[in-house]
Amino acid sequence: MIIVVANSKGGVGKSTLAVHLAAWLHKQGHRVTLADCDTQQSSSEWVREAVPEVRAVRLDSPDMILNDLPQLCQETDFVVADGPGSQTETSRALLLRADLAIVPCKASMLEVRALAKATDVLRQAQDIRAGKPEAVIVLSMIGKNYRLTKDMKDAAAALDLPLATRALVLRQVYADAPGQGSVVWNLGSRAQEAAGEVDLLFREILPGAVRNRGRKPSSIKSKKVAVA
Ligand SMILES: Nc1ncnc2c1ncn2[C@@H]1O[C@H](COP(=O)(O)OP(=O)(O)O)[C@@H](O)[C@H]1O
Ligand SMILES: [Mg+2]
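Treat the numbers as computed from the prediction; the structure is a model and nothing was measured.

Within the chain, the secondary structure is distributed over nine helices and six strands. In summary, the chain has a C-alpha radius of gyration of 16 Å against a globular reference of 17 Å for 228 residues, a match within 12%. Across its three principal directions, the C-alpha atoms of the chain cover 45 × 40 × 35 Å. Counting every position in the chain, which comprises 228 residues, the buried fraction comes to 51%. Restricting to contacts in the chain with at least 6 residues of sequence separation, those with at least 24 account for 73%. Taken as a whole, the chain presents about 10600 Å² of accessible surface, with 49% of it coming from carbon and sulfur. Seen as two clouds, the 30 positive and the 25 negative side-chain charges of the chain have centres 8 Å apart.

Below, the structure written as structure tokens:
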């Protein structure tokens, strides 16, 4: 399965989500490749430090993405592609190959409205590919007491994209994780809530990827950050 983390805006949490997703899938026992498709190439360095077992590759051009992704997908169970901030052709190539697009978005009306533009290429791909890739919006960097407003729900509904019930809270520990070469569930007790919410989010989006389904996610005491 090829999963792309896509939003043509920078700074919305794509790399943070992509690295944590790759690491989470590895923790579930899958073979995972992280395809770093951003020119900044920060996520491949991060994942190499945080989870060396995850294969990290850089795909620098739309041609490489179109040509190499299917092979990478055969060699591992999941390819998680970290998308670029602005290069449209790179995003287009990713969306033409992906099975699932995760679209992180900051939780403000301005950002949600901007998503219409930021998801143009996604809609093109879905049009060409009879609905594929499936897509889901994930709110990132929400306030701890954030509640989804009707305005936001309407704006998301107008895009005709589902919104994940779980979201990622704005927490210093996410910003610290790359500097520590780590992911939040390896950062001790101060990262416990973050670890819990990441786990719940990925379980919601990818229920089929969960191994040990009988077991409760560990140490999740946090209040629900559900946004619906
Ligand atoms: N949930 C979060 N809480 C706090 N900081 C975050 C969170 N998600 C991302 N960040 C920080 O915000 C900045 C942008 O995130 P990043 O994942 O690099 O976005 P993108 O890849 O879309 O440019 C980074 O400094 C990152 O550490
Ligand atoms: Mg990035």
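Bridging between strand β2 (residues 32–36) and strand β3 (residues 55–58) involves four bridges; their strand directions are parallel. Looking at β3, one finds that L34 is bridged to A56. Handedness of the crossover is the feature at issue here: the chain leaves β2, passes through helix α2 (residues 42–50), returns alongside β3, and the resulting connection is right-handed.

Quick look at the site of ligand 1 now. Not every one of the 13 residues close to ligand 1 is listed here, only the nearest: G11, K14, S15, T16 and V169. V169 places a polar main-chain atom, nitrogen or oxygen, 2.9 Å from a nitrogen atom of ligand 1. Taken by itself ligand 1 offers 560 Å² of open surface, and the protein chains cover 75% of this. A majority-of-atoms criterion places ligand 1 in the largest pocket. Of all the elements, helix α1 (residues 14–27) adds the most residues to the shell around ligand 1, at three residues.

In this section: the packing of aromatic side chains. Applying the stated criterion across every chain, the model contains one aromatic pair. Each ring, one from W24 and one from F202, has its centre 5.6 Å from the other, and the planes form 55°; the classification is tilted. With W24 in helix α1 and F202 in helix α9 (residues 192–205), the pair connects residues that are 178 residues apart, well separated along the chain. Residues W24 and F202 agree in their burial class; the two are buried. Taking NZ or CZ as reference, K27 lies 4.8 Å from the ring centre of W185, over its face.

This paragraph deals with the UniProt feature "domain: CobQ/CobB/MinD/ParA nucleotide binding" (unreviewed entry) in the chain. When the UniProt feature table is mapped onto this chain numbering, "domain: CobQ/CobB/MinD/ParA nucleotide binding" (unreviewed entry) sits at residues 3–148. Across residues 3–148 one finds 45% helix and 21% strand; the C-alpha atoms that close the span lie 26 Å apart.

Over the atoms, a rolling probe the size of a water molecule traces out where space has been left empty. Under the definition given, this model contains one cavity of 30 Å³ or more. Looking at the largest cavity, its volume works out to about 30 Å³. Surrounding the largest cavity, V4, A6, N7, G83, P84, S91, L94 and L95 form its lining. The element contributing the most residues to the lining of the largest cavity is helix α4 (residues 88–97), with three residues. Its residues assigned to classes, the lining of the largest cavity comprises five nonpolar, three polar and no charged.

To continue, consider α2. For an α-helix, the turn length of 3.6 residues means that residues three or four places apart are oriented alike. Of all the positions in α2, only S43, S44, W46, V47 and A50 are classed as buried. For α2, the angular spread of the buried residues around the axis is 160°, confining them to a single face. Structurally, α2 contributes buried residues whose contacts are with α1, β2, β3 and β4 (78–82).

Once that is clear, we can look at the layout of surface pockets. In this structure, the largest pocket spans a volume of roughly 460 Å³. Lining the largest pocket are 24 residues; nearest its centre among them are G11, G13, K14, T16 and M141. Listing elements by their share of the lining of the largest pocket, those giving two or more residues are α1 and α8 (172–176). Taken together, the residues that form the lining of the largest pocket break down as ten nonpolar, ten polar and four charged.

Taken together, six strands build an open sheet; the order of strands is β3-β2-β4-β1-β5-β6 and the sheet is parallel. The sheet terminates laterally at β3 and β6 (134–140), the two strands that pair on one side only. With strand direction ignored, the average angle separating the axes of adjacent strands in the sheet is 20°.

How each quantity is defined
- Here the residue numbers are simple positions, counted from 1 along each chain's written sequence.
- Each chain takes a letter, starting from A, and each ligand takes a number, starting from 1, following the order in which they are written.
- In keeping with the predicted nature of the model, local features appear solely for residues at pLDDT of at least 70, side-chain atom pairs appear and are counted solely at 80 or more, and the whole-chain, interface and lining totals rest on all residues.
- In computing side-chain properties, one takes all heavy atoms of the structure into account and sets aside hydrogens as well as water.
- Here a strand is any run of E in DSSP of at least two residues, a helix any run of H or I of at least four, and the numbering for each starts at the N terminus.
- Radius of gyration here is computed from C-alpha atoms only, and the compact-globule reference equals 2.2 Å multiplied by the residue count raised to the power 0.38.
- Any residue under 20% of the maximum accessible area for its type is buried, any over 50% is exposed, and the rest in between are partly exposed; the area is computed with a 1.4 Å probe on protein chains only.
- Whether two residues touch is decided by their heavy atoms; if any such pair falls within 4.5 Å, the residues are in contact.
- Working definition of accessibility: Shrake-Rupley area with a 1.4 Å probe, residue cover restricted to the visible protein chains.
- His is not counted here, nor are the chain ends, while Lys and Arg score as positive and Asp and Glu score as negative.
- Think of each charge as sitting on NZ of Lys, CZ of Arg, CG of Asp or CD of Glu.
- For two strands to pair, DSSP has to find at least two bridges joining them.
- By convention, orient the strands away from the viewer: a clockwise path from the first strand over the helix to the second makes the crossover right-handed.
- Near residues are defined by distance, with any heavy atom within 4 Å of the molecule or strand qualifying the residue.
- Definition of a polar contact: a pair of N or O atoms within 3.5 Å, with one able to donate and the other able to accept a hydrogen when the atoms are protein atoms, and with sequence-neighbouring residues admitted only if both atoms are side-chain atoms.
- Points on a 1 Å grid, built from protein atoms alone, make a cavity when a 1.4 Å probe fits but cannot get out and make a pocket when they are open with protein on both sides within 12 Å along at least 5 of 7 lines; residues with an atom within 4 Å of a point are the lining residues.
- Put plainly, a molecule is in a cavity or pocket when over half of its atoms are within 2 Å of the grid points there.
- Pairs were defined over the aromatic rings of Phe, Tyr and Trp, the Trp ring being its six-membered one, requiring ring centres within 6.5 Å. Orientation was assigned from the angle between planes: stacked under 30 degrees, edge-to-face over 60, tilted for the rest.
- In this scheme, Lys NZ or Arg CZ marks a charge over a ring once it lies within 6 Å of the ring centre and within 35 degrees of the ring normal.
- UniProt positions are given in the numbering used here, feature names are shortened, and annotations may be inferred rather than shown by experiment.
- Grid points are joined across faces, edges and corners, and a volume is the space filled by probe spheres set on the points.
- Residues are sorted three ways: Asp, Glu, Lys and Arg are charged, Ala, Val, Leu, Ile, Met, Phe, Trp, Tyr, Cys and Pro are nonpolar, and all the rest, Gly among them, are polar.
- To be clear, the arc concerns the directions from the helix axis to the C-beta atoms.
- Axes, fitted as lines to C-alpha atoms, cover a helix only where it is in contact. Angles between the N-to-C directions of the axes lie from 0 to 180 degrees.

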